[in-house]
Amino acid sequence: MDDGELQAESGNGSSASDRELNPEVASKQREVQFKAAHGLLVAFFTFVLLLHIGGISLFLSGFLLTRRVLDEKSKCSESPLYVEPSAIGEHAAGRGTYEDGCWHEKSFDKAVIIVIDALRYDFAAPYPPSSASVSLRRPRHYHNLIPVLYETAAQQSGNALLLPFIADPPTTTLQRLKGLTTGTLPTFVEGGSNFAGAEILEDNLVGQLKTAGKKVVHLGDDTWTSLFPGHFHPNLSHAYDSFNVWDLHTVDNGVTEHLFPLLRFQETVSGTEADWDVIIAHYLGVDHAGHRYGPDHLAMSDKLAQMDEVVRQAISSLPNDTLLVVMGDHGMDPKGDHGGESDLEVESTLFLYSAQTHFGTPDTTLIAPPATARERDSTGRERSVPQIDIVPTLSLLLGLPIPYSNLGKPIPQAFLGRKTGKPDWKNLAEVDRITAAQVHRYHVAYSNAPSSVTKLSESVQEDHKTDDEVVPPTGDALDTLWRKALQRWKAAEKHPNQDKWREVAETFDDYLSENLAVNQRQWASFNLPLMYSGIFVLVGSVLVSALYARGAHGNASGIAPPLLLRGLLGSLSGSALSFLISGLSPLSFLFTCVFLAVSGGIVGITSGLASLSSKIPLPASFWGWICFLSVLLPCISFASNSFTIWEDEILLFSLVTSGVLLLASSLRQRDPQDRAIGTLNSVVFLVLTRTASLSRLCREEQMPYCRSTYYASATSSTSSSWQLAIPWLATVLLPSVIRYFYARTKNYNGSAIIWIGFAFRIDLFLIAMYWLSDAADDGDWLTGKSLYGTINVGKDTLKTMRITIAQVVLSVAFAAGYATFLYASPFISVRTEDPAPELTGSIGFDGQTSTATTTTDIDVNTAFTTITPKPKPAAKPKQKLIILGYANTLGTHYFLLPTLWFLALVLLQKPMGQGTLSLLLTQILCLLEILDANSPSPDHTTHSDEEISPITDLRNSAVGPTLLALLALFHFFKTGHQATLSSIQWEAAFVPLRTIRYPWSPLLVILNTFAPQILCAIAVPALALWKRHPRLSQMGLLSDIARDMATHMLVYAAVAVATVIEAAWLRRHLMLYRVFMPRMLMGVVMLGVVEVVGIAVALMGVRTSIGSVKVVFGW
Amino acid sequence: MAPDAEPKVLQSAKPVELLQSQPSFFFANLQPILLLGTLLFSFKSLVADPVHTLLGLAPTVAIVQAIYCVVCLPSTGDVAAPTPKPGQKKKAVKPGQDIWAKVIPAFLSFTLTIVLSAPLLYIIVILFGAPLTTHHPHTLLFALHLALLTTPHLYYVHGLDASTWLRLASLQQPIDESYGMSLGACVGAWVGAIPIPLDWDREWQKWPVTVVVGMYVGAVVGKLAGGYLFKGWKIKLA
């Protein structure tokens, strides 16, 4: 007998005495009591949520910090060679004017920079890479379609240069633009926030151009304008919205429209409006085609062919003194997304072109551009260049000072062949020396900088003193290299010849490469005190949650108010304390305050729990151990990159294991009906789990042992045609499945018919229509030739239609769905019949022949008298009133809520994801039935026979909430996601909207990403309500729900804490940014989402459901 | 199933004792050595060519299991006999009949193992995440071996009594040597799956080497644990 049931009985006992006094007043009182208790429970959960958020933000502020930003700017007149004049020698110093070139003689007056977003290197390289591998494979839709780059570079090696261009992860456009203009390594903070940029404060190329008084024109992606507000020529620049990935053409056509007039008329209209020095044209079509269709799609072919034409035109109309730069900012993974650090995502393209002979080659045997991104030269070095190398290269070519914090090195080819095309090693040695000197100056400044210089965030300022990694990354090896280079320079000055200069250039080059490598290794500047304090309070809050969820005695909702009070007091005193000791703390005031407030809250709640004599929540039963281990083992396994990578398969394994044990437990039931229901549902649960597992989206690390099935192919992000059948299948089957579960307990009545039978089905139909029309759009099914010429059902028409459908779906789900949920009375029906004891039962396994012996057998007359305010004594004593659907009144009413959210969630999924979410909904229903079959029936006291009484009580164990959480995690992977940034389906933001709109667009992406988690969190209260006696005390029910909800959140909290600790522990691991950090971010975001949904949707819904049932059956 | 029938069924659930004879004890102790020895002997070829090795091993294992059934275990009919008294038994049945009374159940047990258990276990192994579209021979042979290690002795001892099999499937049967061996094989195979995803790049990590090894080791451990340590225990699923 559990606490909830005890409460229920005591509640009933007291209510009996109350009723004698004044039934209506007493009932009203109980209703008010319930609502107050419910409100306080919500407040308590919100408080715990705040504790978690506090801990997570402490940790993340320490973890995601990377490096200090120095705000010094390089000046034209201050060449870095003057830093140590004695060491370097004076006469070779820079000239110091913009006309001739600041630190080095300039080569070009103007530049046209064309950024083709996501231009992967294998798009530009010829395919197959060598004649030997002709039989390799037929070319894909992205091969050999932009040949101009390779052709030009191969045929006119003095005029053009094509190189693989390796991005530093994260490979998001915003981060890449920062790297491409500042020349320094990225910070990860903004990696996920592709939605909004912020102005770059660090010294950068665009800023230098502005300082030099150059007129910079920007065309295309508006990320530039948010990074460099006020830097661009106001009349000539045209920015376009960058995030509408469904739109392949607006940006590109706009850029082309403005770019070529500028290029052609530049000479004739000189001095007027068309006067420019640098044009930055950013094309987005290739990137959007990748996101929307994947690279292996005809749309990509068209786009690349269009880019080929753009580059050809730009080459032909390029003025003599102008440098043309064509580059990608990152690549794309096999299905066209990016953000991570897989090879394909970082391998981009750089193409330089000049009408004059300008480029040379360091290795005369290697004239042809690299055939693959990772091709090596004769000395074994990769021929690719890091993206930041463009910064010093462009700066020096245009005669600008190198941005202050640049870490890149000049691209040798751009300085070797000046004018003649013959190797000019002295020139290269000079630019290398200048660049190295600037890097050196930066390091000196960096290590000497007082910590107040930091600009990254105010809070960091004081924290750096204690940071373990703050020492500037100038190791001994680096120092040695620097000195060696300087010595060689001196030697070469005395006896100049090409070989000596070459040696010098190579030594400086080594220094710069080594420096970059050192920085890449070491420059993640973790703030350990912040991280540890975050971990500390997170662990504390999880332990408190565990105590509350599984250890506390008594009514879980009843103890919430005192705990809340103590917690609040603790938090208040904690924040008060922070005023006193903020001087002593290694953290800034804000963080000290957060830390102490959260700790105070934890201490407060713990003291409350201790006063309630809670036990340590160690598992005591078989199922307790199963739940404990099925959460603990994954938590531990997240410390292994292999287990993290294969999490989806491991979850399948653990879910099936639980399912098999549930099957065994169901087979043990002595009640034949319980046994049958439990067994049947367990088997269905197992089969559905394995069926759902067939939907896979592989992450790069799983290759080659994994085959993606989520999209049409591994190189696509569209659905194949057979997958389009899934939404239609769901339309036909899913309402019937839900109906089956409702009808089994005779609850398919009233509003349930209207909602599930009509509204739900129609909405699913509309969703299927939506995705059909989306596929029609993708596949250009409606475009073709007809008698009347080319018919073209405009993409716009289709899009408008789709958006309308999507909005209708959402409004049906939320407006109609919530209206039904809020106002529907319980789904019961009343019948009068002659007394026949066999028919009084309300549930039966087959739903038709209800047998009294095994089912809810209630005294109908009593129930009826409490229903009606004016009690009608049963008219004829011979007749009996039968309430159909009595046994599951609570559960079926509450389950409307998951179904209505299901519609919104399913709309945002791709067809395959819709299938797995439908399976998930069915699995949840199965789970509810299994747990009920393995729990004592509400009427088991009527059977004194010991042999019949159930031997398990799973409803009061942690099984339900734990399995729901594991199911949600499992389905996260089955809805086409992975614990990687690149698997985020950004396009979900555009399902019901045409453009980015805050806050809706990020919200839609969250609904898409965490759909299974949201659905399962909403389903948690159903565990306690399914097939529960409607006349159980509302307080008892609330307690059960609170306990289940707390357990459910505990699972997520445990995973979040485990991943947080492991990310901190493995912060120097090679796989940190590739495996551990994305998993950690996923864990903490998931925790937040689940807690918010659990409180705002599920717990609020409980109030409605219990209320609507109690209005009928009496409070 | 009538409720009042259940108590009787529960009462009849007793751990199965081995036959009290010299050959019986001898072979009961030899069997684990034989099983592990075969595995150890063929491990290299198992890693190199799992399909052929498993195929080749199957008859050997079947014979070992068959001898174990015939020599060590009481067949279905004998279970009711309260305490095996060899002397009495010999008087009751002639030696020739005795042999046939053992060989026929054994034969039936192995038929059932192959036509019933192996396909069922194949489905279960697939449910646990074994490859569905590839590696069919691997998975089938693994299921066959799993069936050989888990079910023949159960068929031999318990026959096809529905209530007994319900108890076996729901883990209610008291642990004895043969049931322990079956459970041990399942748990061992379960544990054997754990190293598969690790990125150690070892040849033996391939499907189904680890689970086969885990299964054999688990079967032996389970047999010993069931026969000595946990004899008579009942698993509590509460």
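Nothing here was measured: the structure is a model prediction, and the numbers come from that model.

Let us look at the overall build of chain B. Across its full length, chain B holds 11 helices and zero strands. The order of α-helices and β-strands along chain B, N terminus first, is α-α-α-α-α-α-α-α-α-α-α. The buried share of chain B, reckoned over its 238 residues, is 47%. Residue pairs in contact within chain B that sit at least 24 positions apart in sequence constitute 81% of those at least 6 positions apart.

A few words on the overall build of chain A. Along chain A, the regular secondary structure elements total 36 helices and 12 strands. Put simply, chain A has 1115 residues, and 62% of those count as buried. Once local pairs closer than 6 in sequence are excluded, the contacts in chain A between residues at least 24 apart make up 79%.

Moving on, we come to the pattern of salt bridges. Residue and element names in this part refer to chain A. As enumerated under the stated definition, the model contains 38 salt bridges over all chains in all. For Arg381, the salt bridge is made with Asp509, and the minimal N-O distance between the two is 3.1 Å. One end of the pair, Arg381, is in the loop between β7 (347-354) and β8 (385-386); the other, Asp509, is in helix α17 (residues 498-522), with 128 residues separating them in the sequence. Here Asp509 falls in the buried class, since its relative accessible area comes to 8%. Each member of the salt-bridge network shares a partner with another, and the members are Asp343, Glu347, Arg374, Arg376 and Glu382.

What follows is about the packing of aromatic side chains. Two aromatic rings, taken as a pair, are described by how far apart their centres are and by the angle between their planes. Residues and elements named next belong to chain A. The tally for this structure, following the rule as stated, stands at 35 aromatic pairs over all chains. Relative to Tyr548, the ring of Phe45 has its centre 6.3 Å away and its plane inclined at 85 degrees; by these criteria the two rings are edge-to-face. With Phe45 in helix α2 (residues 23-63) and Tyr548 in helix α18 (residues 528-551), this residue pair connects regions lying 503 residues apart in the sequence. We classify Phe45 as buried; its relative accessible area is 5%. Since its relative accessible area comes to 4%, Tyr548 is described here as buried. Between Phe760 and Phe902, the ring centres sit 6.0 Å apart and the planes meet at 35 degrees, which makes this aromatic pair tilted. Placement of the pair is Phe760 in helix α26 (residues 751-779) and Phe902 in helix α30 (residues 896-907), with a sequence separation of 142 residues. Taken as a pair, Phe760 and Phe902 share a single burial class, namely buried. Grouped by ring-pair contacts, the aromatic residues Phe44, Phe45 and Tyr548 constitute a single cluster. Note that Lys110 overlies the ring of Trp276, its terminal NZ or CZ placed 5.5 Å from the centroid. The lysine or arginine in question, Arg802, covers the ring of Tyr770, its NZ or CZ lying 5.9 Å from the ring centre.

Before going further, it helps to spend a moment on the confidence of the model for chain A. All names here are of chain A. Looking at chain A, pLDDT values average 82 and 84% of them are 70 or higher. Across residues 190-197 the pLDDT falls below 50, and counting only partners more than four positions away or on other chains, this stretch makes 24 contacts in the model. For residues 836-876, every residue scores under 50 in pLDDT, and the model assigns this stretch 65 contacts once sequence neighbours within four places are set aside.

Moving on to the sheet that holds strand β5 (residues 278-283) of chain A. All names here are of chain A. An order of β4-β3-β5-β1-β6-β7-β2-β8 is seen for the eight strands of this open sheet, with the pairing classed as mixed. The open sheet has two edge strands with one neighbour each: β4 (238-240) and β8. Its contacts with the sheet put helix α5 (residues 148-155) on β2 (160-166), β6 (322-327) and β7, and the angle it makes with β2 is roughly 125 degrees.

Residue and element names in this part refer to chain A. Interaxial distance between helix α32 (residues 959-974) and helix α36 (residues 1072-1113) falls to 13 Å at its minimum, and their mutual angle equals 125 degrees. Here α32 is positioned oblique relative to α36, judged by the angle of their axes. Note that α32 runs across α36; the crossing there is right-handed. Contact with α32, carried on its side by Leu969, Phe972 and Phe973, involves Arg1079, Met1082 and Met1086 of α36 and no other residues of that element.

This brings us to helix α4 (residues 50-72) of chain B. Between the first and last C-alpha of α4(B) there are 31 Å, a value that for 23 residues agrees with the 33 Å anticipated at 1.5 Å per step. Along α4(B), the helix axis deviates most sharply at Ala58(B), where the bend reaches about 30 degrees; the proline Pro59(B) sits within four residues downstream.

The grouping of Ile616(A), Leu618(A), Trp625(A), Phe628(A), Leu629(A), Leu632(A), Leu633(A) and Ile636(A) at the surface amounts to a nonpolar patch, some 760 Å² of accessible area in total. The residue Leu618(A) is located in the loop between α20 (589-611) and α21 (622-637) in this model.

Residue and element names in this part refer to chain A. Of all the six residues making up strand β3 (residues 216-221), six are buried; the element is thus mostly covered by neighbouring parts of the structure. Inspection of the sheet shows β3 paired to β5 by five bridges, in the parallel sense. The partner of Val217 across the bridge, within β5, is Ile279. Sheet topology note: the β3/β4 ladder contains three bridges and is parallel. Residue pairing for β4: Leu219 is matched across the bridge by His238.

One recurring pattern in soluble globular proteins: nonpolar side chains tend to sit buried together. All names here are of chain A. By size, the foremost hydrophobic cluster in this structure holds 251 residues, and its most contacted members are Phe45, Phe63, Tyr548 and Met1080. Here this core takes 22 residues from α36, the largest share from any one element. Residues within four places of Phe63 in sequence aside, it is in contact with Phe526, Met531, Ala1063, Ala1064, Arg1067, Leu1072, Met1077 and Met1080. Formed by 66 residues, the second largest nonpolar core is a distinct cluster that contains Leu227, Met327, Ala437 and Val439.

The subject of this paragraph is the interface of chain A and chain B. With 31 residues of chain A at the interface, the matching set in chain B holds 27 residues. Taken together, both faces of the contact between chain A and chain B bury some 2500 Å²; the carbon and sulfur share is 66%. A per-residue breakdown of the area chain A buries against chain B is headed by Phe653(A), Arg668(A) and Arg690(A), which together make up 29% of the total. Applying the counting criterion to the chain A and chain B interface returns zero salt bridges. Of all elements in the fold, only α21, α22 (641-645), α23 (647-668) and α24 (672-692) of chain A reach the threshold of two or more residues within the side of chain A that touches chain B. Counting residues per element, the side of chain A that touches chain B draws most heavily on α23(A), at 12 residues. Class assignment of the residues belonging to the side of chain A that touches chain B gives a composition of 18 nonpolar, seven polar and six charged.

Moving on: the side chain of Glu647(A). Examined against the element boundaries, Glu647(A) turns out to sit in helix α23. Those residues within four positions of Glu647(A) in sequence are excluded, and the remaining contacts are Phe638(A), Leu969(A), Phe973(A) and Arg1079(A).

Residue and element names in this part refer to chain A. Structurally, Thr181 can be placed in helix α6 (residues 173-182). Classification of Thr181 as buried rests on a relative accessible area of 2%. Of note is the side chain of Thr181, whose polar atom sits 3.3 Å from the backbone oxygen of Lys178. Filtering out sequence-adjacent residues up to four positions away, Thr181 remains in contact with Ile200, Asn204, Leu205, Val206, Trp224, Phe228, Val391 and Pro403.

Looking now at the state of the cysteines. Where two cysteines share a covalent bond between their sulfur atoms, that bond is called a disulfide. As enumerated under the stated definition, the model contains two disulfides over all chains in all. Here Cys698(A) is linked by a disulfide to Cys706(A), with a sulfur-sulfur distance of 1.9 Å. Here the disulfide of Cys698(A) and Cys706(A) is left-handed, its torsion about the S-S bond being about -75 degrees. A single burial state applies to Cys698(A) and to Cys706(A), both of which are buried. The thiol sulfur of Cys72(B) is not disulfide-bonded, and the nearest other cysteine sulfur, from Cys69(B), lies at 8.6 Å. The exposure class assigned to Cys72(B) is buried, which follows from its relative accessible area of 0%.

What counts, and at which threshold
- Residues numbered from 1 in each chain as written.
- Chains lettered and ligands numbered in written order.
- Predicted model: local features only at pLDDT ≥ 70, side-chain atom pairs only at ≥ 80, totals over all residues.
- Heavy atoms only, no water.
- Helix = DSSP H or I, 4+ residues; strand = E, 2+ residues; numbered from the N terminus.
- Buried < 20%, exposed > 50% of the residue type's maximum accessible area, 1.4 Å probe, protein only.
- Contact = heavy atoms within 4.5 Å.
- Salt bridge = Lys/Arg side-chain N within 4 Å of Asp/Glu carboxyl O.
- Phe/Tyr/Trp six-rings, centres within 6.5 Å; stacked < 30°, edge-to-face > 60°.
- Lys NZ or Arg CZ within 6 Å of the ring centre and 35° of its normal.
- pLDDT = per-residue confidence, 0-100.
- Pairing = 2+ DSSP bridges.
- Axes fitted to C-alpha atoms, helices over the stretch in contact; angles between N-to-C directions.
- Parallel < 35°, antiparallel > 145°, perpendicular 65-115°, else oblique.
- Left-handed = near helix turned anticlockwise from the far one by under 90°.
- Expected span 1.5 Å × (residues − 1).
- Bend = angle between axes of the 7 residues up to and from the residue.
- Patch = residues over 30% accessible without salt bridge, like charges linked within 9 Å, V, L, I, M, F, W, Y side chains within 5 Å.
- Areas by Shrake-Rupley, 256 points an atom, 1.4 Å probe, with all protein chains shown as cover.
- Core = buried A, V, L, I, M, F, W, Y, C linked by side-chain atoms within 4.5 Å.
- Buried area = accessible area lost by both parts, 1.4 Å probe.
- Nonpolar A, V, L, I, M, F, W, Y, C, P; charged D, E, K, R; others polar.
- Polar contact = N/O pair within 3.5 Å; in protein donor to acceptor, adjacent residues only side chain to side chain.
- Disulfide = S-S within 2.5 Å.

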